[in-house]
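# Observations on the three-dimensional arrangement
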Amino acid sequence: MSVPSRVLLMRHPNVGKSALFNRLAGTSITESNYPGTTVDYTESELVRSDGSVPIVDVPGTFSLSPSDRAEAVAVEMLEDSPAATVVCVLDATQIERGLNLAVEILERDRDVIVALNMFDEARREGVDIDVDRLSELLGVPVVPTIAVDGTGIDALQARLDDARNPSVQRILERVADEGPDGGESEPSIAVADPSPPVDERTPADGETGGDDRTPDEDGENALGTGQRWNLVDAIVARTVSYRETDASLSDQIGRLAVSPRTGIPFAVAVLYGVWTVFSAVAGFFTDGYFVPLFDDYWLPWLQSAFPMEGSWLYFLVVGDPTATNSFEAFGVLTSGLFVAIGVVLPAILTLYAILAVLEDSGYMARLAVLLDAAFRRIGLDGFAIVPMVLSFGCNVPGVAATRSLETEKQRFLTMTLLSVFIPCGAQLGVMLSLIPQYTGYILLYLLAGFFVFGAVLNRLVPGSAPDIVIDIPPMRQPRVANVTTKLSVRVRGFVTTAIPFVLLGVAVVNVLYLGGAVEWLANTFRPVLSGWFGVPGETVPALIAGFMRKDLAVAQLSAVSMTPFQTITSVVMVSLYFPCVATFAMLIKEGRESGGVLKVLGGALATLLAALFVWGGLLRLIGIALGVA
Amino acid sequence: MRWDTLPVGGLGAITTVIGVIVMARGVGLGTPEPILGVVTISGSILLWRGAVLTAAGAMYLSGASGGLTDRESQATVVMASLMIWVVAGSDLLATVLGAIPGGSGVWIAPPEAIVAALGPPYTPAVLLAVLALATLRYTGVTRP
């Protein structure tokens, strides 16, 4: 029996490990970025009677032969902690795949304890596991758990000290000694099988290939892929029995959710719900409370209390001393704080809550599967829907969420397309109230631009878009504890990392104003706007305002006398022409970790210029063809 | 044919017709407002809402035509109800949250004003959501 110095939770994606981690880790969870990567992981302290030990939620991996960044980080974390106790979390409904990973970890001489999670789901699906026999064969403790309701968590904690490191040779001997139930024949567990198992994935180009080590190459405790799968099959044959069952209603709904005929209408309904709930909740906080709080109390107090009115410092911090609302003041502690706290924070709080509910219900993975084919055409994968959904609320968390995408190319494409083509919720809200009859058409035109420019960028931008494996969890009722933990970790991470960038962005805009750069830009672009797009020069101030808040820019446009088609064109331009300051700040922040700020910003600016002139110009051509421009 | 095929089919037909009317309103065609003093087809993103209702109606019809004897057709019907509840629930939430801030100088509106905001007229989805509760019976079907 050994007391662990560090605990690593390892598993495949979507086996409910995060829920298990939340149960074990309590409230002191922090999310970190693995050095040199955009892979996030969470860690905390596991409180025990004899003190506390660090516990790390390692990124999900299908094997210890990494085929993507997250898996490489998982393997590196395992290798960096030779004395750690590994809690290998298995999805009991798909025990074969989890056992394969468990055996691989045992081959690396680590103390292991197995948590058989989703044990209730397995029973419901007719998978009966003889836990004691499995523990005997593996030579490590095996604890059935149901993380979502806490079943088995205390037992798992209590048995951490019993984690063992049996040699794989001993496991092979025990399995061979016992023989399978019912005297079935089975492949030899001593001879390597050169053919890969059915669900072994093909690694992407340039990435590490599958594990084809042999015992001779890696020492006597290591198995080849075929040998390992034969061993897993043999263990399963001795410990697991399967009953015939019908699919439950939630299983059926889960299947219908990925079938295009029913899944697409359902996705349209879910996205309607996401957007409406987002608008209602974010609007409730921003317009209902933060606007009066900032405009009626904070701004007047700061304008009178801050010294040195008329100085550059006053302009930078407070902004315009005669401003009557926080948006128009343009100071770091007025407009900056208002945008960061009053606009972005309610938006991300709402969206992260919705996203956590969708993830915990098992729907998000299904939406990713459903949309994978469409996103593949532009070099992305189905999981690009997450930043896209977030961006329809607020581009800032949308850009932040691109770090979950696999390659630098995918992150660059998504960041660029989101910041250029996806209007945020506030902007959409104002569009709907001012020009409801045109909003749908504008949105369709922007979405078409998203995919057209995505297809072009996919051809122009070098890099890979590897195939991904989406492991679909069962549909289930979201648990409040899971949702609140995910929400608190994400919001905490966002507040500490993104909000300073938003404030900095406002400061930069102020400096540009002070230096006359903004006025120069306005005068330079005025003839271009009128000549190329056919909109009045009076739209320029609105476009500049759009750098601070695009929703208010659209509102400003309503005061300009224009034809309906000019209104549509100018609203499209507000969407296309430049990301708002908060998004711009996030592009800089994320760009540092996704190929470099210059590459990301340069690429995004080049794209938006092309989009503005090509897509904006095309709109005018359509208008001329229809006789309305 | 199971006895519940007809009411589910009827619900599908009604939902489809209402969805088409909402979409028609969304593209600018006129409809009486409010209808019978209880139903209102107003507000934003009508085209989107109408499309969801129309699709839900089609899924009810598809489930009913499947006979409702197998789990798949029952799941299709429950899924259609979920779509209606999503639209109705988010509409109601927007109404309640819009009524809580009291406006200039008033942080929280008086309770009677909030309750009044929940009164009629209702969107079609809210009324259909009540009818769709009948399909909850299929969620009680458990495996042997």
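Reading guide: rules and limits
- Residues numbered from 1 in each chain as written.
- Chains lettered and ligands numbered in written order.
- Predicted model: local features only at pLDDT ≥ 70, side-chain atom pairs only at ≥ 80, totals over all residues.
- Heavy atoms only, no water.
- Helix = DSSP H or I, 4+ residues; strand = E, 2+ residues; numbered from the N terminus.
- Expected span 1.5 Å × (residues − 1).
- Buried < 20%, exposed > 50% of the residue type's maximum accessible area, 1.4 Å probe, protein only.
- Contact = heavy atoms within 4.5 Å.
- Pairing = 2+ DSSP bridges.
- pLDDT = per-residue confidence, 0-100.
- Axes fitted to C-alpha atoms, helices over the stretch in contact; angles between N-to-C directions.
- Parallel < 35°, antiparallel > 145°, perpendicular 65-115°, else oblique.
- Left-handed = near helix turned anticlockwise from the far one by under 90°.
- Nonpolar A, V, L, I, M, F, W, Y, C, P; charged D, E, K, R; others polar.
- Salt bridge = Lys/Arg side-chain N within 4 Å of Asp/Glu carboxyl O.
- Polar contact = N/O pair within 3.5 Å; in protein donor to acceptor, adjacent residues only side chain to side chain.
- 1 Å grid on protein atoms, 1.4 Å probe; cavity = no way out; pocket = protein on both sides within 12 Å on 5 of 7 lines; lining within 4 Å.
- Points joined across faces, edges and corners; volume = space filled by probe spheres on them.
- Phe/Tyr/Trp six-rings, centres within 6.5 Å; stacked < 30°, edge-to-face > 60°.
- Patch = residues over 30% accessible without salt bridge, like charges linked within 9 Å, V, L, I, M, F, W, Y side chains within 5 Å.
- Areas by Shrake-Rupley, 256 points an atom, 1.4 Å probe, with all protein chains shown as cover.

All names here are of chain B. Compared with an ideal rise of 1.5 Å per residue, which puts 22 residues at 32 Å, helix H1 (residues 5-26) spans 31 Å between its outermost C-alpha atoms and is within 8% of the ideal. Listed in full, the buried residues belonging to H1 are Thr 5, Val 8, Gly 9, Leu 11, Gly 12, Thr 15, Gly 19, Val 22 and Ala 24. Looking at the buried positions of H1, the neighbouring elements they touch are helix H2 (46-65), helix H3 (71-99) and helix H5 (124-132). Positive phi appears at Gly 28, one or two residues downstream of H1, with a value of about 105°.

For the rest of this paragraph, the subject is the pairing of strand S1 (residues 7-11) of chain A. Residues and elements named next belong to chain A. Most of S1 is tucked away: five of the five residues are buried. Side chains Val 7, Leu 9 and Arg 11 of S1 all project onto a buried face; the interleaved residues Leu 8 and Met 10 project onto the opposite face, where all are buried too. As paired elements, S1 and strand S5 (residues 85-91) share five bridges and run parallel to each other. Bridge pairing in S5 places Arg 11 opposite Val 89.

A word on the confidence of the model for chain A. Residue and element names in this part refer to chain A. When pLDDT is averaged along chain A, the result is 80; 85% of the residues meet or exceed 70. The secondary-structure element of chain A with the lowest mean pLDDT is helix H8 (residues 215-218), recorded at 44, while strand S8 (residues 142-144) shows the highest, at 95. The model gives residues 191-218 a pLDDT under 50, and that stretch makes 45 contacts with residues more than four places away or in other chains.

A few words on the packing of helix H3 (residues 95-107) of chain A against helix H9 (residues 225-239) of chain A. All names here are of chain A. In contact at an axis separation of 9 Å, H3 and H9 are set at 120° when each is read in the N-to-C sense. It follows that H3 is oblique to H9 by the angle criterion. Note that H3 runs across H9; the crossing there is right-handed. In contact with Ile 95, Glu 96, Arg 97, Leu 99, Asn 100, Val 103, Glu 104 and Glu 107 of H3, H9 contributes Arg 228, Trp 229, Leu 231, Val 232, Ile 235 and Val 236. Considered class by class, the residues forming the contact of H3 with H9 number eight nonpolar, one polar and five charged.

A separate point is the interface of chain B and chain A. Listed per partner, the contact involves 32 residues of chain B and 33 residues of chain A. On the surface where chain B and chain A come into contact, there are zero salt bridges. Where chain B meets chain A, there are four residue pairs in polar contact (both at pLDDT 80 or more). When residues of the side of chain B that touches chain A are traced back to their parent elements, those giving at least two are H2 and H3 of chain B. Top contributing element to the side of chain B that touches chain A by residue count: H3 of chain B, with 16 residues.

Here the focus is empty space enclosed by the protein. The method is simple in principle: a probe with the dimensions of a water molecule rolls over the atoms, and the space it marks as empty is what remains. Residue and element names in this part refer to chain B. Applying the stated criterion to the full structure yields two cavities of 30 Å³ or more. Taken together, Val 22, Thr 40, Ile 41, Ser 42, Leu 46, Arg 49, Leu 53, Val 87, Asp 91, Thr 123, Pro 124 and Ala 125 form the lining of the largest cavity. For the lining of the largest cavity, the secondary-structure elements that each account for two or more residues are H2, H3 and H5. Examining the composition of the lining of the largest cavity, we find that three residues originate from one element, H2, more than from any other. Among the residues forming the lining of the largest cavity, the class breakdown is seven nonpolar, three polar and two charged.

Residue and element names in this part refer to chain A. Taken as a whole and assessed by the stated rule, the structure comprises 17 aromatic pairs over all chains. Between Phe 375 and Phe 451, the aromatic rings sit 5.9 Å apart at their centres with planes inclined by 40°, giving tilted as the arrangement. Highlighted residues: Phe 375 in helix H15 (residues 363-376) and Phe 451 in helix H20 (residues 436-460), separated in sequence by 76 residues. With relative accessibility at 3%, the residue Phe 375 sits in the buried group.

In the segment running from Pro 120 of chain B into Pro 121 of chain B, the intervening peptide bond is cis, with an omega of 5°. Look at Asp 109 of chain A: it is not a glycine, yet its phi comes out positive at around 60°. Here Asp 109 of chain A shows up in the loop between H3 and strand S6 (111-117). Here the phi dihedral of Leu 68 of chain B falls at roughly 60°; this positive angle occurs in a residue that is not glycine.

This brings us to the pattern of salt bridges. A side chain of one charge can pair with a side chain of the opposite charge when the charged atoms of the two come close. Summed over the entire model, instances satisfying the criterion amount to 14 salt bridges over all chains. Between Arg 228 of chain A and Glu 107 of chain A there is a salt bridge, with the nearest N and O atoms lying 2.6 Å from each other. Of the two residues, Arg 228 of chain A is situated in helix H9 and Glu 107 of chain A in helix H3; the sequence distance between them amounts to 121 residues. Accessibility classification places Arg 228 of chain A together with Glu 107 of chain A in one group, the buried group. Close ionic contact of Asp 4 of chain B with Arg 137 of chain B constitutes a salt bridge, the shortest N to O distance being 2.9 Å. One end of the pair, Asp 4 of chain B, is in the segment before H1; the other, Arg 137 of chain B, is in the segment after H5, with 133 residues separating them in the sequence.

Moving on: a nonpolar patch on the surface. All names here are of chain A. A cluster of nonpolar side chains, Leu 618, Leu 621, Ile 622, Ile 624, Leu 626 and Val 628, forms an exposed patch at the surface whose accessible area comes to about 550 Å². Summarising the element assignment, Leu 618 is placed in helix H28 (residues 597-626). Judged by its relative accessible area of 32%, Leu 618 is partly exposed.

Our next topic: the side chain of Asp 295 of chain A. Residue and element names in this part refer to chain A. Following the sequence through the fold, Asp 295 ends up in helix H11 (residues 260-305). Owing to a relative accessible area of 19%, Asp 295 belongs among the buried residues under this scheme. A distance of 2.8 Å separates the side chain of Asp 295 from the backbone nitrogen of Ser 326, its partner in a polar contact. Setting aside chain neighbours within four positions, we find Asp 295 in contact with Pro 300, Thr 324, Asn 325 and Ser 326.

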